[in-house]
Amino acid sequence: QVQLVESGGGLVQAGGSLRLSCAVSGRTFSSTLMGWFRQAPGKEREFVAAIRWSGSMVYNTDSVKGRFTVSRDNAKNTVYLQMNSLKPEDTAVYYCAASPRIGFLSTWASEYDYWGQGTQVTVSS
């Protein structure tokens, strides 16, 4: 069974930064596609970023590109989401997700099999 545990959320002022971490256990991490999603109150879950084992990545260009950076440390079985220049509209629960069966960069939540419990990010104006 794969387990994902997020950490690093919190309350920050607009313009500030946070780094989210997602620790993965239970299977070989290095070959697993990892993604970040977020869900704001009353809205659908939204793709944020994803990263393959090779380091190639994709972002939700409209929302976060240029401000957020996804990375992974295969030796530590951990994926990160560095969030800079945060805006109030970034407020959401952020989820880490894993897809062991997908070899390409997917932005679809349905293609991720394992999810963390989520971590709250609140950006005040």
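Residues numbered from 1 in each chain as written. Predicted model: local features only at pLDDT ≥ 70, side-chain atom pairs only at ≥ 80, totals over all residues. Heavy atoms only, no water.

The tendency in soluble globular proteins is for nonpolar side chains to be buried as a group. Met34, Trp36, Val79, Leu81, Met83 and Tyr94 are the most contacted members of the largest nonpolar core, which totals 27 residues. When contributions to this core are tallied by element, the ones reaching two or more residues are strand E3 (18–25), strand E4 (33–39), strand E5 (46–51), strand E7 (68–73), strand E8 (78–83), strand E9 (92–99) and strand E11 (119–124). When near neighbours in sequence (up to four residues on either side) are disregarded, Met83 contacts Gly16, Ser17, Leu18, Leu20, Arg67, Phe68, Tyr94 and Val121. Phe37, Ala97, Ile102 and Tyr112 belong to the second-largest nonpolar core, a separate cluster that totals seven residues. (Core = buried A, V, L, I, M, F, W, Y, C linked by side-chain atoms within 4.5 Å. Buried < 20%, exposed > 50% of the residue type's maximum accessible area, 1.4 Å probe, protein only. Helix = DSSP H or I, 4+ residues; strand = E, 2+ residues; numbered from the N terminus. Contact = heavy atoms within 4.5 Å.)

What follows deals with the environment of Thr69. Tracing the sequence through the fold places Thr69 in strand E7. For the pair Thr69 and Arg38, spaced 31 residues apart in sequence, the C-alpha to C-alpha distance is 15 Å. Contacts of Thr69, omitting those with residues within four sequence positions, involve Tyr59, Tyr80, Leu81 and Gln82.

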